Each structure stands twice: as structure tokens, then as C-alpha cells.
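# Fold and contact review
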Amino acid sequence: MVSLIVNGARREIDAPTDEPLAYVLRNRLGLPGTKVACGLEQCGACLVTVDGECRYACTLPVGECADRSVTTVEGLGGDGLHPVQRALLDFNAAQCGYCLSGILVRAAALFDADPAPSPAQIREALAPQLCRCGAQPRVLRALETLARDAASQEGRP
Amino acid sequence: MSGLPSALARHPDLDQWLAVDAADTVTVATGKVEIGQGITTALALIAAHELGLDPRRVRVRTAHTGITPNEFITAGSMSVEDSGGALRQACAHARRLILARAAERLGTDAAELTIEDGRITAPGLNASTTLWEVQGGRPFEHAIETRTDEQPPAPPPDRQPRLDLPAKIAGEGVFVQDMTWPDMLHARVVRPPTWAHRLDVLDEPAVPDGQDLRVLRDGSFLAVTGADEYAVVRHAERVAAACRWRQVADLDGVPLGTESQAFPVRDGIPSIEPVPDLDFEPDLAACYTRPHLMHASLAPSAAAALWAGGKLTVWSHSQGVELLKRTLAEALDVDRRAITVIHHQGAGAYGHNGADDAALDAALCALEHPDRPVLLKYTRQQEHRWEPYGPAMRIDMAAALDDAGRIRRWSHEVWSYTHAGRPIPRQPGSQLAGAWLRDNAIDPPPAEPRLGSEVGIHRSAWPIYALPEPRVIKRFVAAGPLRTSSLRSLGAHGNVFAIESFMDELAALAGKSPVAFRLDHLDDPRARAVLEAVDDLCGGVTGPRGVALARYKNQQTWAAVVAEVEVDEARADVRVPKLWIAADAGRVVDPDGLINQLEGGAVQAASWTLKERVRFDRQDIDSEDWDSYPVLRFDEVPEIVTRLVDRPDQPSLGAGEATQGPAAAAIANAVFAACGVRVRDMPLDAEALRRAAAA
């Protein structure tokens, strides 16, 4: 039995401790947003945060998450949407959308740390996330606009 | 493009396309499928415009055998033309019927009536009704009468929200990989390393105590099933580790440029006439190549299947559910009337990837587990190793100029393996990989050249320029080293790369600018317009920039692309910080969706052109994941600016495959402009740059 906090709620899970977190989230907790797309930490579709740090749920044993706080795409915005989710929605920033969960988790971690990252910081932060449809330019436009709006609200250039 | 969508002739019944629901919504049906291209949104917009509705009120039901209209396959950038054209006619007819009934009810003239978000009234009329009061829950019982005289309403200018996006942004389980039933079994296959390997020896490992797992074994077809997904994954790994494979063929085939079946092409159509000799002395001749490329869908393919009561139901992200149904029936020897295939979204496929194979494998597992739904998923390595690749190409170009520097003679010979490996019923053999592996194996059918207009190898090989007697030869090579099929844009990527690179080389020889040289040879006003538009948009093709132009299949969207590159000559590294696109797709239905398709195509083509190559030798395929098959990442993608040349009075044209060829050539032309090195072999990686610089 592993006890961990998922999207703010404590969950007790009867799973082998070596079972990757992504399978636990998807099959035992009914949270399909976290995707398993390579199982090799190469594409980022499975990205979640554990105690605020980005981790690949496709390989992370659930046992290592005991008593830690996991956030998935479903929990990014609490009851509503996180600003990065809103931004991608406003810009239709997707094609098939399979890569979105990981991109959103990575972007949310970036914007939570600094609400107005530079375009170069956004690109660098998202580099581990793959998108095969070629939607990256509009994802970047959406997030750059979000950062610019935050900067102007703070009076930054 | 003239004439009416053929789907209307096969399915004239209005009720098969459109239902006004009991309240608040309408449901439209299509035989096409959502593959991330936004077709459900585009079709909802078309129906919404015709019926005077908010697009959110339109539900789109996609391909489902026996229920939706049969539109065969979602391919070739035809959905807006085919399904969109059919739906427009269906909805226009429905609108006429609804307004006639409303006029009767309101005691007025139908011509006076307007529909605004479903509410029907007339100026000065003190009464109104709604779409649902008039028609809700009632069938139309009419055959669609097509009319081409009515101008469709203008699309809304602002960005229309993608209807499928809110669920995906929220992380809902909308993909086939996310399907779940309470009694569902998970399945994984254990595959040989390549198509050319079969099982030699397997000492089956024991199932761990207390785990309810089964190993299905039929020749070299191996699968593991069980209720717990991770237990299935682990046991499949154990079985794979215990397998010894033997190689039954070499991964070699006939090299491109040696033997072929050759067909002269005229106006995009090959013939079986004798191939004319190259009867002029070229001023310039050059050979261009592209390697085998992967679809490399972000999600490995998957399918769900249920065998219950003598009926097989399959949920698949295949692009052709009707074709899949029939080929499944043949491979499984099950009556096709007992099979239903329902499209369920997967990740973007960009052509024929592992989707259809996964459907057969899921069905084979379901047949062993009656009454239990089975969800089967491939691993990343299985998808990379087993998907049918976009085939390698070789294009030999030659031309002669006249004294004024205009092209006097032109020759284009394109060599490639088949681009047509999709499962097609009623041909010998099976294109579903699982069928090749079973004890009673059904081998793949022999590859045959396709001689239709603008298909496969010769797609976009016919020049868009006004040239005297172009010599265009399709050279089909049956025996390739790898399994190949349709990859987005098919032959157009290689052919346009060659044509447009060669045009730049000829422009240099003639001492003209790339834009002026192209305009000198262009009669087509719409081609000229997109070229001039992109030149204007980027502020001039100068410095480290290159331009390229094509009309997809010579019958769909015109697209011109300018690329700006940075070349690090010491590291032989090319970056593409910026692209500009101008495109004419006829009447624009959904501007934002159209731009998304054009830009996505260009980014994917930049990835193919700069980085991608399936690596293999005679024994094995080495590209099995994202490290061994790298693709363009966020820190490498270009910024893109796009201008649409709207033609409200012209038919809408598909655009999902319009930019691949021009983007590839624009990048190569920009590399030449930046550093004077002409790279004729894709990908334009360090190896190719150094080889070209040394040549």
C-alpha cells in the first residue's frame, strides 16, 4: 500500500511499489490525462510534478512518491483552468492534442516559478516536450502572449 | 475541381448526413475522421454557417461502418472538398426544407425568413419559431437535391474555437489509448525486431504467482493479455527477452537508380507508352534524394476490440474504417457483416501508420477472450520498427536553357518504392502485419505501380511552370528494403524538393533572382499571386533566405514558402529561425484551422528535411525511439508568419499537405543562399552538408 497526495487529495493505492506512476494514475485513479507515449523519458507526454518538480511518470516508481504531492494535468488549475491551459485554448494551440498534457504541466511549472518568462526561456523549458503535428509555433505564441501580459501587468518591459 | 462530391451520389439520403435533434443541437455525420487536422471543427462550421447556428450546437459523428456515409478514407487532403462539399449541400437542402415548413407555420414567405442561432423569424414579423419546433426529432425523408447556384455564406473572420480542444486541454480520456471498460483486458504484442524476422525458439517464461495473464501464440504472432496493464507490460518484456528470432530476408531490396518499371507522365497521369529518351544536352543536371521517413506518431498505435455473440466490434484510429472492416474480415476469415469498425481518435498519424495493424492484433486477442473488451497498445519501439515508412526517393533533374535564360527543355525522373501499402480489400495477401506472422500466414501482396492521376511516386512531379514538353518519368521499384506506404504528401515532398531546388540552381545559371526566374515561367495567375504574396510578406527573398512554390497534386492548394536559415559552417549545423507562408486554398472555411494545417505541415517538413532518416542495415532497423530517430524540438522550430489569399468565389481546397514540398526546398535554397553549398540529399544534417561542401 502506497499513500500519496494526488491533485490535493490523499490517496491510498494497492499497487506494486515498482509500478510506474503513470499506470497508477491512469488505471487505478481514473486520471487518463497523463499519457504513456514512449516509456523512455524521451517525449514528455507523461509529465507530472512531484513536490513541484517535473518528473516523467512513465518510469517513476509509485513507491518513490510515498507521502509526496503529485500534480497531473487534471489538477493544474484546481477547480478551473490554469492560465497556461486558458492560453492554449484561446490560441487553438494544438492539432491532435496527444502531447498537450505534458506540455501544459511543463509550462505551468515554468509560469508558476516566473509568470513572465522570456521567449527564449519558454523555448528552452519546453525543449524536452515533443509535438509531432507541428503545433509548436502556436503553443509558443500562446505562452509568449501570456508572459507578455503578465509582464505588462507587473510593469516589466 | 468541378462536379459534386461523389459521396452524395452514394448516399443521397439527407437523413444519413443530418439530424435536427429533439432540442438545442443538430448532429451531422461524416465518413471522415478526426486526425488532429481539425476536420470535425471545419465540418461543424460548414453546417453551422448553412443552418444559421452557433457551431457549438453542431455535433459531428465521425466514421462508423454501417452508420455514417461511406467516404472510404481520410487522406489526400480531400475532407473539406469531399465531406465538406457534401455536408454543405445536405445542410443547404435542409435549410430550404426547414424554411418552407417554418413559413407555413408563421404564415409568411420563406424567402423573408432568417435563422439566427436556430431561431427563425422575418423582419417586421411578430412571431418566430425555431429549428427544433419545426424539425426537431423528425426525419427529413428527402433525397439531397444539389444546387451549385447558391453562394455559401461568408465564414466568420475571427478565430473559431476548436471544438475538440477543451476536453484535451483538461486531460480527459478522449483517445483510443484511454478507452476503458470495467471488465477490460489489456494486451501487448511481442513482435520480431523487423518485418524480416520470425520466431525461432521461445521457452515461455512462467507467469508470476497470483497473476492472471495469458500468452497467445500463433506462429510468430505473440501477445500477452491480462486485466492489470502493468503486469501485462512486465510479462510481455519477459516473453520478449526469452524469444530468439531468425532472419528470413535481408533488408536490402533494389537500390534506387538501377532497375525500375518506367512510365512516362503527362499532366500528372502515367501511361504505359515507351519511355522517351533524354534527347537534349542539359545545361544542368542534378540528382536529389530523400531517405525513408517515419510517421512517428506521438502515441504508439492502439485499438480496442470486443468479440461477443458472434459479432466483432473494433475501435480504431485508422484513417479508413470501411477498408479496415473488409480487410479484417479477410485476415480473420470472419464474415464482414459481423464486423463493425468505429473510429476513435488516436494521436496524429500523418498517413498510414500502425493503426490498422493494431486493429487486427486487438481483434486476434479479442477472439481468444469472448465477451471481454481488449485494449491493445504497441510500444514505442514496435511502432518505430513496424510502421510502414514513407519510402526513399531519388529524383534526377535535367534542363537546357535558351539564349534568353529561359528553360527550353526539362526532364524529371523520379524513382521510389511503393507509397501505397494501405490495407485494401479484394487483393491477394494482406497488408495487416499480424497476418504475416501467424502459422497460416497471409503474406503482403506484391507491390504494384499505381497509374492514377497524381498518386504516390509521381505526385506533384508534373511541373506547375509553363515549360515546352516537359519529360516526366515515374520509375517504380517494386522491391524495397523496408515496409513502405503513404506518408503525408506522398511523393510531393521529394518531387517538389527536387523541382524547386533545381529551379533555384537554374535561376543562378540564368543570372536571375529566384523569384523573377519563377515568375518568368509561370502562367497560372494563382501561382503567381502566392509567390508575390510571400515575397511581399517577408520583405524580399534576400540574404540567407530561400523560396519555393508548389500546387499540391497540381489540383489543390497553392503554397509558397520562404525560409530563413542560420548555418554554423564549423559545426555544419542548419537552423531555421523563420518561415513565411502564403497560400491559396480557394474559399476559406476556417481561417485559423487552415493556418494551423499549413504551419503544422511546414514544421513537420522542416523536421523531415533537417533531421529525419530511418537508419537500417541488412540485418536490422536502428531507428527505434526518439533518440535514434530525432525530430525537431521546441527550441528548434521556426517562427511562422502566414498570409491566406482568400478566393471566396472558388471551391475550398484541402491544405494539410500543401507546404511539405515547398518548405523542404525553401530550406535547401536558403542554405545555398547562406553559405553557397547546394545540398541535394535530405536530411540536411552535418553529414550531408559536409559531403555537399566537399563535392
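Residues numbered from 1 in each chain as written. Chains lettered and ligands numbered in written order. Predicted model: local features only at pLDDT ≥ 70, side-chain atom pairs only at ≥ 80, totals over all residues. Heavy atoms only, no water.

## Quick look at the interface of chain B and chain A
Selection rule: Contacts: residue pairs with any heavy atoms within 4.5 Å of one another. By convention, the term buried area covers the 1.4 Å-probe accessible surface removed from two parts as they join, with the contributions of both added. Criterion for a salt bridge: a side-chain nitrogen of Lys or Arg within 4 Å of a carboxyl oxygen of Asp or Glu. Helix and strand definitions follow DSSP, with helices as H or I runs of at least four residues and strands as E runs of at least two, each counted in order from the N terminus. Residue polarity follows a fixed list, in which Ala, Val, Leu, Ile, Met, Phe, Trp, Tyr, Cys and Pro are nonpolar, Asp, Glu, Lys and Arg are charged, and the others, Gly among them, are polar.
Contacts between the two partners involve 63 residues from chain B and, on the opposite side, 51 residues from chain A. Summed over both partners, the interface of chain B with chain A buries about 4,500 Å², with 53% contributed by carbon and sulfur atoms. It is Ile 169, Leu 298 and Phe 634 of chain B in chain B that bury the most area against chain A; as a group they hold 21% of the surface buried on that side. One can count 7 salt bridges joining chain B with chain A. Salt-bridge contacts for Lys 35 of chain A lead to Asp 178 of chain B; the nearest nitrogen and oxygen are separated by 2.8 Å. Looking at the side of chain B that touches chain A element by element, the count peaks at 10 residues for helix H15 (residues 591–611) of chain B. Of the residues assigned to the side of chain B that touches chain A, the class counts are 27 nonpolar, 16 polar and 20 charged.

## Here's the deal with the domain arrangement of chain B
How big an interface is tends to be stated in terms of the accessible area lost upon association of its parts. All names here are of chain B. Under the convention used in this document: What counts as a domain boundary in this text is fixed by an automatic or database domain assignment.
Its domain assignment divides chain B into domain 1 (6–147), domain 2 (176–249 + 297–386) and domain 3 (393–441 + 450–694). When each unit is reduced to the centre of its C-alpha atoms, the spacing between domain 1 and domain 2 is 38 Å. Contact with domain 1, which involves 12 residues of that partner, is made by 14 residues of domain 2. Both faces combined, the contact of domain 1 with domain 2 buries some 1,200 Å², and carbon together with sulfur accounts for 56% of it. Counting every contact that joins domain 1 to domain 2 gives 0 salt bridges.

## Things to note about the sheet that holds strand S3 (residues 58–61) of chain B
All names here are of chain B. Applicable threshold: One bridge is not enough; two strands pair if DSSP finds at least two bridges between them. The axes used here are C-alpha line fits, helices contributing only the stretch in contact, and every angle between their N-to-C directions lies in the interval 0 to 180 degrees.
Spatial strand order, S1-S2-S3: 3 strands in an open sheet with mixed pairing. Looking at strand neighbours, the two that pair on one side only are strand S1 (18–20) and S3, the edges of this open sheet. The average angle at which neighbouring strand axes cross in this sheet is 20 degrees, direction not considered. In terms of strand pairing, S1 meets strand S2 (residues 26–29) through 3 bridges, oriented antiparallel. Bridging from a neighbouring strand, Ala 19 pairs with Thr 27 of S2. Strands in contact with helix H3 (residues 39–51) are S1, S2 and S3; relative to S3, the strand with the most contacts, it is inclined by about 135 degrees.

## Remarks on the nonpolar core
We count it as follows: Throughout, nonpolar core names a set of buried Ala, Val, Leu, Ile, Met, Phe, Trp, Tyr and Cys residues whose side chains join them through atoms within 4.5 Å. Here's how the labels work: a residue is buried when its accessible area is under 20% of the maximum for its type, exposed when over 50%, partly exposed in between, all with a 1.4 Å probe on protein chains only.
Residues Leu 88, Leu 126 and Leu 143 of chain A together with Trp 410, Phe 502, Leu 506 and Leu 684 of chain B are the most contacted members of the largest nonpolar core, which totals 139 residues. By residue number, the principal contributor to this core is helix H16 (residues 660–675) of chain B, which donates 9 residues. Counting residues in hydrophobic clusters, the runner-up holds 40 residues, among them Ala 63, Ala 303, Val 314 and Val 321 of chain B.

## A short note on the environment of Glu 172 of chain B
With respect to the element layout, Glu 172 of chain B can be found in the loop between helix H6 (165–169) and strand S7 (185–190). For Glu 172 of chain B, a relative accessible area of 45% translates into the label partly exposed. Considered as a pair, Glu 172 of chain B and Val 374 of chain B are 202 residues apart in the sequence and their alpha carbons are 20 Å apart. Contact partners of Glu 172 of chain B, with chain neighbours within four places excluded, come to Pro 32 and Lys 35 of chain A together with Ala 167 and Asp 178 of chain B.

## Considerations on the state of the cysteines
Residue and element names in this part refer to chain B. What counts, and what does not: Here, a disulfide means two cysteine sulfur atoms that sit within 2.5 Å of each other.
Applying the stated rule across the entire model yields 0 disulfides over all chains. No disulfide involves Cys 365; its sulfur sits 15 Å from that of Cys 243, the nearest cysteine. For Cys 365, a relative accessible area of 0% translates into the label buried. Left unpaired, Cys 675 is separated from the closest cysteine sulfur, that of Cys 538, by 19 Å.

## Concerning the domain arrangement of chain A
All names here are of chain A. Entries for chain A in the domain assignment read domain 1 (2–75) and domain 2 (83–154). Put simply, the middle of domain 1 and the middle of domain 2, counted by C-alpha atoms, are 22 Å apart. Tallying the contact residues gives 15 residues for domain 1 and 11 residues for domain 2. Taken over both partners, the interface formed by domain 1 and domain 2 buries close to 1,000 Å², and the fraction arising from carbon and sulfur atoms is 60%. Our count for the contact surface shared by domain 1 and domain 2 stands at 0 salt bridges.

## Some thoughts on the side chain of Arg 475 of chain B
Residues and elements named next belong to chain B. For Arg 475, the position within the fold is in strand S21 (residues 471–476). Overall, the relative accessible area of 16% leaves Arg 475 in the buried class. With residues up to four places along the chain from it excluded, the contact list for Arg 475 reads Ser 260, Gln 261, Ala 262, Val 275, Glu 413, Val 414, Trp 415, Ser 416 and Ile 457.

## A look at the pattern of salt bridges
Residue and element names in this part refer to chain B. Taken as a whole and judged by the stated rule, the model has 54 salt bridges over all chains. A salt bridge links Glu 50 to Arg 88; its shortest N-O distance comes to 3.2 Å. In this pair, Glu 50 is assigned in helix H3 and Arg 88 in helix H4 (residues 79–106), connecting sequence segments 38 residues apart. For Arg 88, a relative accessible area of 15% gives the class buried. A single salt-bridge network, built from bridges that share partners, covers Asp 568, Arg 571, Asp 573 and Arg 575.

## Some words on H4 of chain B
As a reminder, the rule being used: One less than the number of residues in a helix, times 1.5 Å, gives the span that helix is expected to have.
In a regular helix each residue adds 1.5 Å, so 28 residues correspond to 40 Å; H4 of chain B covers 38 Å between its end C-alpha atoms and thus fits that length. Among the 28 residues of H4 of chain B, 20 are classified as buried, and the element is accordingly described as predominantly covered.

## Details of H3 of chain B
Residues and elements named next belong to chain B. In a regular helix each residue adds 1.5 Å, so 13 residues correspond to 18 Å; H3 covers 18 Å between its end C-alpha atoms and thus fits that length. Taken across its 13 residues, H3 has 13 buried, putting it largely inside the fold. Just downstream of H3 lies Gly 52, where phi reads positive at about 70 degrees.

## Re the packing of helix H8 (residues 321–332) of chain B against helix H9 (residues 355–368) of chain B
Residue and element names in this part refer to chain B. Going by this rule: For classification purposes, angles smaller than 35 degrees are called roughly parallel, those larger than 145 roughly antiparallel, those between 65 and 115 roughly perpendicular, and all remaining angles oblique. Take the far helix as your reference; a near helix turned counterclockwise from it by less than a right angle gives a left-handed crossing, and one turned clockwise gives a right-handed crossing.
In contact at an axis separation of 11 Å, H8 and H9 are set at 50 degrees when each is read in the N-to-C sense. By the angle between their directions, the pair H8 and H9 is classed as oblique. Crossing handedness for the pair H8 and H9: right-handed. Two secondary-structure elements touch here, H8 through Leu 324, Leu 328, Ala 331 and Leu 332 and H9 through Asp 356, Ala 359, Leu 360, Ala 363, Leu 364 and Leu 367.

## Remarks on the side chain of Ser 101 of chain A
Quick note on the threshold: Under this definition, polar contacts are N or O atom pairs within 3.5 Å; protein pairs additionally need one hydrogen-donor-capable and one acceptor-capable atom, and for neighbouring residues in sequence, both atoms have to be side-chain atoms.
When you line up the elements, Ser 101 of chain A lands in helix H3 (residues 100–113). Relative accessible area serves as the criterion here: at 4%, Ser 101 of chain A is assigned to the buried category. Within the structure, the side chain of Ser 101 of chain A is placed 2.7 Å from the backbone oxygen of Gly 33 of chain A, a separation counted as a polar contact. For Ser 101 of chain A, the residues in contact, after removing those within four places along its chain, are Gly 33, Lys 35, Ala 45 and Val 73 of chain A together with Gly 171 of chain B.

## What about the sheet that holds strand S4 (residues 114–116) of chain B?
All names here are of chain B. Read from one edge to the other, the open sheet built from 3 strands follows the order S4-S5-S6, with strand pairing classed as antiparallel. Strands with a single pairing partner mark the edges of an open sheet, and in this sheet they are S4 and strand S6 (129–130). The pairing of S4 with strand S5 (residues 119–121) spans 3 bridges and is classified as antiparallel. When the sheet's bridge partners are listed, Thr 114 is paired in S5 with Thr 121. Against the sheet, H4 engages S4, S5 and S6, with an angle of about 60 degrees to S5.

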